[in-house]
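A look at the structure
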Amino acid sequence: MTGVVAGRPLLVAETFGPTLQGEGPSCGRQALFVRLSRCNLACPGCDTPYTWDWSRFDPRAEARPRTAAGLLEWALGHPTELVVVTGGEPLLQQDRLVPLVAGLAAAGRRVEVETNGTIAPSPVFAGSVAGFTVSPKLTSFAAPGDARRRIDPGALRALTATGRAVFKFVVSTVADLEEIADLQRRFDLAPVWVMAEGTTTERLLEVMRQIADEVVGRGWHLSVRLHVLLWGDTRGR
Ligand code: SF4
């Protein structure tokens, strides 16, 4: 295992924490974050374009090779139970992530992985992950060029089959909710979380107030973006 770790570093955008998980079912929990570089989609409203948009960011400055062993040492140097692996799209590097997530799980840490739901997790990777937060991209959020890639039935089925996935959708209008309902019906997605798009308190509250009643009526959950409310659009919080 050590040779694999040493030979295949991960491309990492940043590590940060302890801080608070700001979104989804673990909102408000203390967490460490490992944000991986690279994505297989190119959403215009992406809040982490420095993980993939090399027309605007320099990959030599934004993506650092780091070993799984080094990341594990960093994470275990904190007492924080929850470690969130995010991106970008972290499953692009899932083989290289195995030593990290397995090491964290063996040390009793809870590993949650945030993914866009277009890549199926391997059994060996999924076996060490306590929860997947899957965020399929809606038409209003995705780039037109990603129309065929953004929804992958096989990957969604594989993530559902883990029994540890929640599905979190970023929405900007009430009209987005019908598309979520359609995806839920087609792929039997549950539980569904809905999160307002926005990087300011004003915008988040505006969208949440528009959608809250319908989210409740459909039996779904509503996520705030706690880090935006607390710290604005600050990177690494
Ligand atoms: S899938 Fe996520 S990380 Fe990738 S471009 Fe879209 S919003 Fe950004």
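1. Structural notes on helix H8 (residues 201–217)
In this model, H8 (17 residues) spans 24 Å end to end at C-alpha, consistent with the 24 Å of a helix rising 1.5 Å per residue. Of all the residues in H8, the buried ones are Leu204, Val207, Met208, Ile211 and Val215. At its buried positions, H8 is contacted by strand E7 (165–171), helix H7 (176–187), strand E8 (192–196), strand E9 (221–223) and helix H9 (226–231). Gly219, located one to two residues past H8, shows a positive phi value of around 80°.

2. Here's the deal with the pairing of E8
A large share of E8 lies buried, amounting to 5 of its 5 residues. Side chains Val192, Val194 and Ala196 project from E8 onto one buried face, and the interleaved Trp193 and Met195 project onto a second face that is buried too. Strand direction decides the pairing type here: E7 and E8, joined by 5 bridges, are parallel. Note that in E8 the partner of Val171 across the bridge is Ala196. Handedness of the crossover is the feature at issue here: the chain leaves E7, passes through H7, returns alongside E8, and the resulting connection is right-handed. Two strands pair when backbone bridges link them, and E8 and E9 are joined in this way by 3 bridges, in the parallel orientation. Bridging from a neighbouring strand, Trp193 pairs with His221 of E9. Following the backbone out of E8, through H8 and into the adjacent parallel E9, one traces a crossover that is right-handed.

3. What to know about the site of the ligand
Taken together, the neighbourhood of the ligand is formed by Cys39, Leu41, Ala42, Cys43, Cys46, Thr48, Trp52, Gly88, Asn116, Lys137 and Phe141. For the shell around the ligand, a count of residues per class yields 7 nonpolar, 3 polar and 1 charged.

4. Describing the nonpolar core
Within the largest apolar cluster, 50 residues are counted, with the highest numbers of intra-cluster contacts made by Phe125, Phe132, Phe169, Val171, Ile180 and Val194. In this structure Val171 touches Leu138, Asp176, Leu177, Ile180, Val194, Met195, Ala196, Glu197, Val207 and Ile211, once residues within four positions along its chain are discounted.

5. Some details on the environment of Glu206
Note on placement: Glu206 falls in helix H8. In this structure the C-alpha to C-alpha distance between Glu206 and Ser223, which are 17 residues apart in sequence, comes to 14 Å.

6. Some thoughts on the confidence of the model for the protein chain
Mean pLDDT over the protein chain: 95, with 97% of residues reaching 70 or higher. Segment residues 1–7 is flagged for pLDDT under 50; beyond a separation of four residues in sequence, or across chains, it makes 5 contacts in the model.

7. Considerations on the environment of Glu179
Relative to the assigned elements, Glu179 resides in helix H7. Apart from residues no more than four positions distant in its own chain, Glu179 is found in contact with Leu138, Thr139 and Arg150. At 3.3 Å, the side chain of Glu179 forms a polar contact with the side chain of Arg150.

8. A closer look at the side chain of Ser223
Inspection of the secondary structure assignment puts Ser223 in strand E9. Overall, Ser223 belongs to the buried group, its relative accessible area being 2%. Within the structure, the side chain of Ser223 is placed 2.8 Å from the backbone nitrogen of Gly24, a separation counted as a polar contact. Ser223 has contacts with Glu23, Gly24, Trp193, Val194, Met195, Ala196 and Met208, leaving out every residue within four places of it along the chain.

9. A word on the sheet that holds strand E6 (residues 131–134)
Ordered in space as E3-E1-E2-E4-E5-E6-E7-E8-E9, the 9 strands form an open sheet in which the pairing is mixed. Looking at the sheet topology across the chains shown, the edges are occupied by strand E3 (64–66) and E9. When the angles between neighbouring strand axes are averaged without regard to direction, this sheet yields 30°. Pairing analysis gives 5 bridges linking strand E2 (residues 30–36) to strand E4 (residues 82–86), with the strands arranged parallel. Pairing of Ala31 across the sheet is with Leu82, part of E4. The strands touched by H8 are E7, E8 and E9; relative to E9, the strand with the most contacts, the crossing angle is about 175°.

10. Points about the packing of helix H3 (residues 68–76) against helix H4 (residues 94–106)
Packed helices, taken two at a time, are described by their axes: the angle between them and the distance between them. It is the contact of H3 with H4, at a shortest axis distance of 9 Å, that shows an interaxial angle of 25°. In terms of their interaxial angle, H3 and H4 are classed as roughly parallel. Crossing of H3 against H4: the hand is right-handed. Only Arg96, Pro99, Leu100, Gly103 and Leu104 of H4 make contact with H3, whose side of the interface consists of Ala68, Leu71, Leu72, Ala75 and Leu76. Split into classes, the residues belonging to the contact of H3 with H4 amount to 8 nonpolar, 1 polar and 1 charged.

What counts and what doesn't
Residues numbered from 1 in each chain as written. Predicted model: local features only at pLDDT ≥ 70, side-chain atom pairs only at ≥ 80, totals over all residues. Heavy atoms only, no water. Helix = DSSP H or I, 4+ residues; strand = E, 2+ residues; numbered from the N terminus. Expected span 1.5 Å × (residues − 1). Buried < 20%, exposed > 50% of the residue type's maximum accessible area, 1.4 Å probe, protein only. Contact = heavy atoms within 4.5 Å. Pairing = 2+ DSSP bridges. Right-handed = clockwise from strand over helix to strand, strands pointing away. Near = heavy atom within 4 Å. Nonpolar A, V, L, I, M, F, W, Y, C, P; charged D, E, K, R; others polar. Core = buried A, V, L, I, M, F, W, Y, C linked by side-chain atoms within 4.5 Å. pLDDT = per-residue confidence, 0-100. Polar contact = N/O pair within 3.5 Å; in protein donor to acceptor, adjacent residues only side chain to side chain. Axes fitted to C-alpha atoms, helices over the stretch in contact; angles between N-to-C directions. Parallel < 35°, antiparallel > 145°, perpendicular 65-115°, else oblique. Left-handed = near helix turned anticlockwise from the far one by under 90°.

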